Amino acid sequence: MTDTSLEQIKGSGWLKEANFIGGKWVSADDGRTYEVIDPATEKLIGRIPWVSAQETHRAIDAAQAAFTSWSLTTAAHRAELLHRMAKIVRDNQETFATMLTLEQGKPLAEARTEMKLGADYIQWFAEEARRINGEIVPSPWKDRQILVTREPVGVVGAISPWNFPFSMLARKVAPALAAGCTIVIKPSEFTPYCGLLYAVLAQKAGIPDGVINVVTGEGAVVGGELTKNPLVRKITFTGSTRVGKLLYKQSADTMKKLSMELGGNAPTIVFDDADLDLVIENAIAGKFRNSGQTCVCTNRFHVQDGIYDAFAQRLTERARKMKVGNGFEEGVEQGPLINEAAVKKVESHVQDARAKGARVLTGGKRHALGATFFEPTVLAEATPDMLIAHEETFGPIAALFRFREEQDGIDAANSTEFGLAAYFYTRDLARTFRVSRAIQSGMIGINAGVITTAEAPFGGVKDSGIGREGSTHGVEDYLNLKYLCLGGL
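Note that the coordinates shown come from a computational prediction; the quantities given were computed from them, not determined experimentally. (Residues numbered from 1 in each chain as written. Predicted model: local features only at pLDDT ≥ 70, side-chain atom pairs only at ≥ 80, totals over all residues. Heavy atoms only, no water.)

Undergrad: Whenever I open this one, the overall build of the protein confuses me. Can you help?
TA: The secondary structure content of the protein amounts to 15 helices and 22 strands. Along the first, second and third principal axes, the C-alpha set of the protein runs to 75 × 65 × 40 Å. For the protein, the proportion of contacts with a sequence separation of at least 24, taken over those separated by at least 6, is 73%. Within the structure as shown, the protein displays about 19,400 Å² of accessible surface, and the carbon and sulfur contribution to it stands at 52%. Counting 55 positive and 58 negative side-chain charges, the protein places the averaged centre of each group 3 Å from the other. (Helix = DSSP H or I, 4+ residues; strand = E, 2+ residues; numbered from the N terminus. Contact = heavy atoms within 4.5 Å. Areas by Shrake-Rupley, 256 points an atom, 1.4 Å probe, with all protein chains shown as cover. Lys, Arg positive; Asp, Glu negative; His and termini not counted. Charge placed at Lys NZ, Arg CZ, Asp CG, Glu CD.)

Undergrad: Got a minute to help me understand the packing of aromatic side chains in this structure?
TA: One pair of aromatic rings is described through two measures. These are the centre distance and the angle between the planes. In total, this model carries 8 aromatic pairs according to the counting rule given. Note on Trp162 and Phe394: the rings are 5.6 Å apart at their centroids and 90 degrees apart in plane angle, and the pair reads as edge-to-face. Remark: Phe394 occurs in the loop between helix H13 (387-390) and strand S16 (397-403) and Trp162 occurs in the loop between strand S7 (155-159) and helix H6 (167-179); sequence separation between them is 232 residues. Residue Trp162 is classed as buried on the basis of its relative accessible area, which comes to 16%. (Phe/Tyr/Trp six-rings, centres within 6.5 Å; stacked < 30°, edge-to-face > 60°. Buried < 20%, exposed > 50% of the residue type's maximum accessible area, 1.4 Å probe, protein only.)

Undergrad: It is not clear to me how the sheet that holds strand S5 (residues 135-137) should be interpreted in this structure. Could you clarify?
TA: Strands belonging to one sheet form pairs held by backbone hydrogen bonds; the direction of such a pair is parallel or antiparallel. Read across the open sheet, the 3 strands follow the order S5-S6-S22; overall the sheet is antiparallel. Edge strands, defined here as strands with exactly one partner in the open sheet, are S5 and strand S22 (479-486). In this sheet, neighbouring strand axes are inclined to one another by 25 degrees on average, regardless of whether the strands run parallel or antiparallel. Bridge analysis of S5 against strand S6 (residues 145-152) gives 3 bridges, and the strand direction is antiparallel. Its bridge partner being in S6, Val137 is matched across the sheet by Ile146. (Pairing = 2+ DSSP bridges. Axes fitted to C-alpha atoms, helices over the stretch in contact; angles between N-to-C directions.)

Undergrad: So what exactly am I meant to see when it comes to the pairing of strand S11 (residues 257-261) here?
TA: Along any regular strand, the residues point their side chains to alternate faces of the sheet. Most of S11 sits inside the fold, with 4 of its 5 residues counted as buried. Pairing of strand S10 (residues 232-238) with S11 involves 5 bridges; the strand directions are parallel. Paired with Thr236 across the bridge in S11 is Ser259. In this fold, S10 hands off to helix H9 (residues 241-250), which returns the chain to S11; that crossover is right-handed. In terms of strand pairing, S11 meets strand S21 (residues 465-466) through 2 bridges, oriented antiparallel. Within the sheet, the bridge partner assigned to Met260 lies in S21 and is Ile466. (Right-handed = clockwise from strand over helix to strand, strands pointing away.)

Undergrad: It is not clear to me how the pattern of salt bridges should be interpreted in this structure. Could you clarify?
TA: When the charged atoms of two side chains lie near each other, side chains of opposite charge can form a pair. All chains considered together, the criterion is met by 34 salt bridges. Arg314 is the partner of Asp277 in a salt bridge, and the nearest nitrogen-oxygen pair spans 2.6 Å. Placement of Asp277 in helix H10 (residues 276-288) and of Arg314 in helix H11 (residues 305-320) is noted, with a sequence separation of 37 residues between them. Judged by its relative accessible area of 30%, Arg314 falls in the partly exposed class. Here Glu406 and Arg434 are joined by a salt bridge, their closest N and O atoms 2.7 Å apart. Taken together, the residues Glu406 in helix H14 (residues 406-414) and Arg434 in helix H15 (residues 429-438) connect sequence positions 28 residues apart. Linked through salt bridges whose partners overlap, the residues forming this network are Asp305, Asp309, Arg359, Glu381, Arg402 and Arg404. (Salt bridge = Lys/Arg side-chain N within 4 Å of Asp/Glu carboxyl O.)

Undergrad: What am I meant to see in the environment of Gly22 here?
TA: When you line up the elements, Gly22 lands in the loop between strand S1 (19-21) and strand S2 (24-26). Between the C-alpha atoms of Gly22 and Glu42, which are 20 residues apart in sequence, the distance is 34 Å.

Undergrad: For this particular structure, what's the right way to read the nonpolar core?
TA: Here is a general trend for soluble globular proteins: nonpolar side chains tend to be buried in one another's company. Of all hydrophobic cores here, the largest spans 68 residues; its most connected members are Ile122, Leu177, Ile183, Tyr198, Leu201, Ile207 and Ile212. The residues touching Ile212, leaving out its near neighbours within four places in the chain, are Phe20, Met85, Val173, Leu177, Ile183, Ile185, Tyr198, Ala199, Ala202 and Ile207. Ranked by size, the runner-up nonpolar core spans 22 residues in total, among them Val303, Ile307, Ala319 and Ala398. (Core = buried A, V, L, I, M, F, W, Y, C linked by side-chain atoms within 4.5 Å.)

Undergrad: Please explain a nonpolar patch on the surface as it appears in this structure.
TA: Taken together, Leu484, Leu486 and Leu489 make up a surface patch of nonpolar side chains, about 260 Å² in accessible area. Mapped onto the elements, Leu486 comes out in strand S22. A relative accessible area of 37% means that Leu486 is categorised as partly exposed. (Patch = residues over 30% accessible without salt bridge, like charges linked within 9 Å, V, L, I, M, F, W, Y side chains within 5 Å.)

Undergrad: Where do I start with H6 in this structure?
TA: For an α-helix, the turn length of 3.6 residues means that residues three or four places apart are oriented alike. Between its first and last C-alpha atoms H6 spans 19 Å; for 13 residues at 1.5 Å apiece the expected length is 18 Å, and the two agree. Buried residues dominate H6, accounting for 13 of its 13 residues. Following H6 by one or two positions, Gly180 adopts a phi angle in the positive range, close to 105 degrees. (Expected span 1.5 Å × (residues − 1).)

Undergrad: What's the story with the side chain of Lys234 in this structure? I'm lost.
TA: One can find Lys234 in strand S10. Buried and without a salt bridge, Lys234 has Asp477 as its closest oppositely charged side chain, separated by 4.4 Å. A polar contact of 2.7 Å, which involves the side chain of Lys234, links it to the side chain of Ser259. If we ignore the near neighbours within four places in the chain, the residues touching Lys234 are Val153, Val155, Val156, Gly157, Lys256, Lys257, Leu258, Ser259, Asp477 and Tyr478. (Polar contact = N/O pair within 3.5 Å; in protein donor to acceptor, adjacent residues only side chain to side chain.)

Undergrad: Help me understand the pairing of strand S13 (residues 298-304) in this model?
TA: Of all 7 residues making up S13, 7 are buried, and the element is well covered by its neighbours. Relative to S13, strand S12 (residues 266-270) runs parallel, the two being bridged by 5 bridges. Bridge pairing links Ile269 to His302 in S13. Traced from S12 through H10 to S13, the parallel crossover comes out right-handed. In this structure, S13 lies alongside S16, joined through 5 bridges in parallel fashion. Paired with Val303 across the two strands is Arg402, which belongs to S16.

Undergrad: Can you help me understand the side chain of Thr393 in this one?
TA: By the element assignment, Thr393 lies in the loop between H13 and S16. Residue classification places Thr393 among the buried positions, given a relative accessible area of 0%. Among residues more than four places away in sequence, those in contact with Thr393 are Asn299, Lys345, Val346, His349 and Ile388.

See the structure below:
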């Protein structure tokens, strides 16, 4: 992208460099800003307000003031406004995808896919708004009627990550608004423009002032205000398990509802009877998309003896052919990592694996492009004592572990405190059901490597979090149940 193109995007009105509180675009009270850097070129994109707890408090107050009227709007009206928002995203997909690639680095083709997925989530919850139903329960008393209603929880605090900065917010913002809640968004400081875009979308779609608010600043400060403020009745967070647990503790004093999509260490089990062509195709898509910076991408490949060598050879050959480069270049399959810290973590995992006996079949070092680019890497003979077996790498490393019997593969897959996503490949129907029951994970892909969709519940078990996003279940975390007992009938 040229400097001229960047200025054109800024001039379009979509890319904002101010916070949005109560329907107004504002700076930090003390004028502080921070720099947003293009991870591919390491050039400055722009400067964003660095706000304090004080501005966050005002955003919460604005959301609370708007909640009074927004919660009383009809489901049909909320659905209509969300449909408008989804249409705006679809109509401007190319511009928004360009913004996403600019600040996050992923290939433009992947950015387009993310924008489409975000629009899908918004549309899905627009439709769910009209299906938030109550219940009439058979009463044990002859002169009483029992009713159960669902009501919006109130103000929501949404904290989102940098790896999917638009679509992950879509599955927080859309169900909150569909339920009748108002929201304060805290996007990642690495990718704030996609978060601020929701404020522009709110204005364009005609959503009332205060329903959507966006603040940018230090996570500990903004998150601290969101968790301690009693007006915030729900926190929805996507990010690391460490931060998720901290937010969980901080929210205890005000007894907030919580939904958290946290870290992962996704295994892929490749059984001897797997379709190798299918596995390789899905392994590339599921492991290396977004440069391996996805919470559900494979972190560990557990491959059965009989197919191990063939799988290793095929995966290595395909990884070597991947085109690495700036996400705006034609045909690029892998862009940069988000920053220098991410590169250093990937390097440490490779160094640790090599020191403990792993063989580097391809890659293993920074790319010749420099900056934050890293080579697509395949490691053979990985073992359970390596860092990559226990920690989420969040980078383009495919580590191959060998196993013999079916139960060995299951045990290896489950040997982690995480349980977000898991995958396995087999053509044996009985094995499909056995392994599906045995794997401890919130989501399982069977002969499939990319499984996220608005229609399905997204979320994990164990240290991977609580609650679900997407699907008919995704709106429940934004609702309270109220029991009404009508006597004297």
